[in-house]
Amino acid sequence: EPEVTQTPSHQVTQMGQEVILRCVPISNHLYFYWYRQILGQKVEFLVSFYNNEISEKSEIFDDQFSVERPDGSNFTLKIRSTKLEDSAMYFCATTTGGGVKEKLFFGSGTQLSVL
Amino acid sequence: EDQVTQSPEALRLQEGESSSLNCSYTVSGLRGLFWYRQDPGKGPEFLFTLYSAGEEKEKERLKATLTKKESFLHITAPKPEDSATYLCAVNSGYSTLTFGKGTMLLVSP
């Protein structure tokens, strides 16, 4: 079965540094999402992306966050100046169409640790 | 604001011991209720979508049901490989899912 691929699997960074998390969506999928899960907490929605623009974003997704699809295949999440509270597992998810009414395919995540 | 509450937080079963997981939800207008399975260190894996009260879906030993206020995930004669965290999520907006905290299921041989 096709998979959503995320890199790196683990990222350790110093507070205030920029990080870029990468995702390769399933090839025919059109809708892309970032979710995060702080240890022991719920999976939380960050942002959705369709047709090269943000469709929706949550309150968590402030000016420190940005997303782009730089080369038509990768989908990236950038955190400009990381904070301790950004430490979490970040999941990329994609789907074919119809928004989230269709099932989401999640990647295995990037574990971000901010020191 | 959409809310999803799952119970119990953790459940330990013997192999073959059937049980049910509960998901209570409050949404402004339900567009879909989703069940996902999450293994440690992995992303959620889709199991079911339910759209309207009275709907039921089955997959192997799992059966999901939906009422106007809650959903149940029934596990019949579970096996150790069913051990995982089961997540419930609702969609009331266009593209967002609101997840519950999940039920951690452990099935012992």
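Located above this text is the structure these notes cover.
What comes next concerns the included structure. A quick note: this is a predicted structure, and the numbers were derived from the prediction, not measured.

**Considerations on the overall build of chain B**
Here comes step 1: Of the regular secondary structure elements, chain B holds zero helices and 11 strands.
Here comes step 2: Tracing chain B from N to C terminus, the helices and strands come up as β-β-β-β-β-β-β-β-β-β-β.
Here comes step 3: Whereas a compact globule of 109 residues would reach a radius of gyration of roughly 13 Å, chain B reaches 13 Å, a difference of no more than 12%.
Here comes step 4: By its C-alpha atoms, chain B is 40 × 30 × 20 Å across when sized along the principal axes.
Here comes step 5: Here chain B holds 109 residues, and 49% of them are scored as buried.

**Notes on the packing of aromatic side chains**
Here comes step 1: Per the counting criterion, the structure on display carries 14 aromatic pairs over all chains.
Here comes step 2: Taking 5.5 Å as the distance between ring centres and 70° as the angle between the ring planes, the aromatic pair formed by Y35 of chain A and F45 of chain A counts as edge-to-face. Taken as a pair, Y35 of chain A in strand β4 (residues 31-37) and F45 of chain A in strand β5 (residues 43-50) lie far apart in primary sequence, 10 residues in all. Neither Y35 of chain A nor F45 of chain A differs from the other in exposure class; each is buried.
Here comes step 3: Ring geometry for F49 of chain A against F75 of chain A: centres 5.2 Å apart, planes inclined by 40°, an arrangement best described as tilted. Taken together, the residues F49 of chain A in strand β5 and F75 of chain A in strand β8 (residues 75-79) connect sequence positions 26 residues apart. For the residue pair F49 of chain A and F75 of chain A, the accessibility class agrees, reading buried in each case.
Here comes step 4: An aromatic cluster is built from Y33, Y35, F45, F91 and F106 of chain A together with Y36, F46 and F99 of chain B, whose rings are joined through pairwise contacts.

**Some details on the interface of chain A and chain B**
Here comes step 1: Chain A puts 21 residues into the contact, and the matching count from chain B is 20 residues.
Here comes step 2: Roughly 1800 Å² of surface becomes buried between chain A and chain B when both sides are summed, with 57% attributable to carbon and sulfur atoms.
Here comes step 3: Viewed at the interface, chain B and chain A are joined by three residue pairs in polar contact (both at pLDDT 80 or more).
Here comes step 4: Mapped by element, the contributors of at least two residues to the side of chain A that touches chain B are β4, β5 and β9 (88-95) of chain A.
Here comes step 5: Take the side of chain A that touches chain B: its biggest share by element is four residues, from β4 of chain A.
Here comes step 6: Looking at the side of chain A that touches chain B residue by residue, the classes come out as 10 nonpolar, six polar and five charged.

**Comments concerning the pairing of strand β2 (residues 10-14) of chain B**
Residue and element names in this part refer to chain B.
Here comes step 1: By the alternation rule, side chains of β2 split into L11 and L13, which are all buried, and A10, R12 and Q14, of which none is buried.
Here comes step 2: Taken together, the five bridges between β2 and strand β11 (residues 103-108) define a ladder with parallel strand orientation. Across the sheet, residue Q14 finds its bridge partner in β11, namely S108.

What counts and how
Residues numbered from 1 in each chain as written. Chains lettered and ligands numbered in written order. Predicted model: local features only at pLDDT ≥ 70, side-chain atom pairs only at ≥ 80, totals over all residues. Heavy atoms only, no water. Helix = DSSP H or I, 4+ residues; strand = E, 2+ residues; numbered from the N terminus. Rg over C-alpha atoms; globule rule 2.2 N^0.38 Å. Buried < 20%, exposed > 50% of the residue type's maximum accessible area, 1.4 Å probe, protein only. Phe/Tyr/Trp six-rings, centres within 6.5 Å; stacked < 30°, edge-to-face > 60°. Contact = heavy atoms within 4.5 Å. Buried area = accessible area lost by both parts, 1.4 Å probe. Polar contact = N/O pair within 3.5 Å; in protein donor to acceptor, adjacent residues only side chain to side chain. Nonpolar A, V, L, I, M, F, W, Y, C, P; charged D, E, K, R; others polar. Pairing = 2+ DSSP bridges.

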